[in-house]
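So the chains spell out like this:
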Amino acid sequence: IFLYSCLVSRFLSLLFLVLGCLAAAPSQAEALIASRAVLEDPAGRLTIDEVAGRDFQAAGAALAKGYTRSAHWLRLQLRAPAAGGPVMLLVRPSFLDELQLFEPDPGPAGGWRMRRSGDRYPFGARDLATVSPSFQVQVPPQGLTVYLRLQTSSSSLLSVSALPPLE
């Protein structure tokens, strides 16, 4: 009986440890995203300059718009990690056709820097050669606003996590 109770105790401890780690990962991912908002572009023709000046609707952790020809723009306001350094934006699911990430260009001309990912692009042409679309951004201490444009022939469903690269 003593051996049995020790095994049960260890099993429960291990179970709570695993569940705690699973619960902690999303909270860290959400800690670097200060806010999310969405804008629907029914014709799919808006430019980043037009989008940046529009009103967005608050969005939850996942965007779920179903099958549509519309493009959807997600505005993400990011916080810098406490330790500094870059932030990885991980997009799921992996079968989205085309994602474009727009971030302010720090150059003297200003404007926007655009990068692409999605399953229409070979790994070598993506921003990062990963199975799930991912982007690495430098977030200054005051934070950063980026725009993610989704257009896909599959269901317009996506979630974005923001993590330091080592996590």
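Residues numbered from 1 in each chain as written. Predicted model: local features only at pLDDT ≥ 70, side-chain atom pairs only at ≥ 80, totals over all residues. Heavy atoms only, no water.

Examining the packing of aromatic side chains
Okay, so step 1: All chains considered together, the criterion is met by three aromatic pairs.
Okay, so step 2: Between Phe-56 and Tyr-147, the aromatic rings sit 5.8 Å apart at their centres with planes inclined by 50°, giving tilted as the arrangement. With Phe-56 in the loop between helix H2 (48-52) and strand E2 (57-58) and Tyr-147 in strand E9 (residues 144-151), this pair connects stretches of sequence that are 91 residues apart.
Okay, so step 3: Since its relative accessible area comes to 6%, Tyr-147 is described here as buried.
Okay, so step 4: When the centroid spacing of 5.5 Å and the interplanar angle of 80° are considered together, the rings of Trp-112 and Tyr-147 count as edge-to-face. Of this pair, Trp-112 sits in strand E7 (residues 112-117) while Tyr-147 is found in strand E9, placing the two residues 35 residues apart along the sequence.
Okay, so step 5: Members of the aromatic cluster, joined through ring pairs, are Phe-56, Trp-112 and Tyr-147. (Phe/Tyr/Trp six-rings, centres within 6.5 Å; stacked < 30°, edge-to-face > 60°. Helix = DSSP H or I, 4+ residues; strand = E, 2+ residues; numbered from the N terminus. Buried < 20%, exposed > 50% of the residue type's maximum accessible area, 1.4 Å probe, protein only.)

A short note on the environment of Ala-80
Okay, so step 1: Assignment of secondary structure puts Ala-80 in the loop between strand E4 (71-78) and strand E5 (86-92).
Okay, so step 2: Through-space distance from the C-alpha of Ala-80 to that of Gly-143 is 5.7 Å; in sequence the pair is 63 residues apart.
Okay, so step 3: Setting aside its immediate chain neighbours within four residues, Ala-80 contacts Leu-32, Val-139, Pro-140 and Pro-141. (Contact = heavy atoms within 4.5 Å.)

The quantities given are spatial measurements derived from coordinates; they are silent on function.
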